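Listed below, chain by chain, are the residues.
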Amino acid sequence: MAKGLEIKEFNGRGYDRTHVFKTWCVAFLTQDDEYTHNTYIERHMETDEVFVLLKGEATLYIGENREPVKMEPCKIYNVTAGTWHNIECSADASVLIAENSDTVRENSEYMDL
């Protein structure tokens, strides 16, 4: 491997923070029970969150009314700080997520559906 290059991958199910560096992280999301049968929506109070559909199908649900936004591959969907959201994925979906590395439950809010 070339000096200065790291290669990482995630082949599991669910959400995985695959690379974290200082103030940012890149994660992969694949379908599992949590992202098939959403029981809550969330919002991050201090940061935006970026979603990119790589393969399969996924729908973002935005706002308290859960307005559906069907994702298209290779488009950037930026959910701004303070916006309620959740995501549902098909069984073959893979979604890339970028967010601040300090995005945690303590600076996010959750609401049961």
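Okay, so let's go over this structure.

So, how was this worked out
- Residues numbered from 1 in each chain as written.
- Predicted model: local features only at pLDDT ≥ 70, side-chain atom pairs only at ≥ 80, totals over all residues.
- Heavy atoms only, no water.
- Pairing = 2+ DSSP bridges.
- Helix = DSSP H or I, 4+ residues; strand = E, 2+ residues; numbered from the N terminus.
- Phe/Tyr/Trp six-rings, centres within 6.5 Å; stacked < 30°, edge-to-face > 60°.
- Lys NZ or Arg CZ within 6 Å of the ring centre and 35° of its normal.
- Buried < 20%, exposed > 50% of the residue type's maximum accessible area, 1.4 Å probe, protein only.
- Polar contact = N/O pair within 3.5 Å; in protein donor to acceptor, adjacent residues only side chain to side chain.
- Contact = heavy atoms within 4.5 Å.
- Patch = residues over 30% accessible without salt bridge, like charges linked within 9 Å, V, L, I, M, F, W, Y side chains within 5 Å.
- Areas by Shrake-Rupley, 256 points an atom, 1.4 Å probe, with all protein chains shown as cover.
- Salt bridge = Lys/Arg side-chain N within 4 Å of Asp/Glu carboxyl O.

A few words now on the pairing of strand S9 (residues 94-100). Within a regular strand, the side chains alternate between the two sheet faces. With seven bridges joining them, strand S2 (residues 24-30) and S9 adopt antiparallel strand pairing. Looking at the pairing, Cys-25 lines up with Glu-99 of S9. Note: strand S4 (residues 49-55) against S9, six bridges, orientation antiparallel. Residue pairing in the sheet places Val-50 in a bridge with Ala-98 of S9.

Moving on: the packing of aromatic side chains. According to the stated counting rule, one finds two aromatic pairs in the structure shown. Here the guanidinium or amino end of Arg-66 rests over the ring plane of Tyr-61, the centre of that ring lying 4.3 Å away. Arg-105 extends its terminal NZ or CZ atom over the ring of Tyr-110, reaching a point 4.6 Å from the ring centre.

All right, on to the side chain of Thr-103 then. The residue Thr-103 is located in the loop between S9 and strand S10 (108-112) in this model. On the basis of relative accessibility, which here comes to 8%, the residue Thr-103 falls in the buried class. Engagement of the side chain of Thr-103 in a polar contact is seen with the backbone oxygen of Asn-100, the distance being 3.0 Å. When residues no more than four places from it in sequence are discounted, the contact partners of Thr-103 are Arg-17, His-44, Thr-47 and Ser-108.

A contiguous nonpolar patch, built from Met-1, Leu-5 and Ile-7 and spanning about 390 Å² of accessible area, is present on the exposed surface. Within the element layout of this structure, Ile-7 appears in the segment before strand S1 (14-21).

A positive phi angle, near 45°, is found at Lys-22, a position not held by glycine. Relative to the assigned elements, Lys-22 resides in the loop between S1 and S2. Positioned with a positive phi, Arg-66 is a non-glycine residue whose angle comes to about 55°. When you line up the elements, Arg-66 lands in the loop between strand S5 (58-62) and strand S6 (67-70). For Arg-66, a relative accessible area of 22% gives the class partly exposed.

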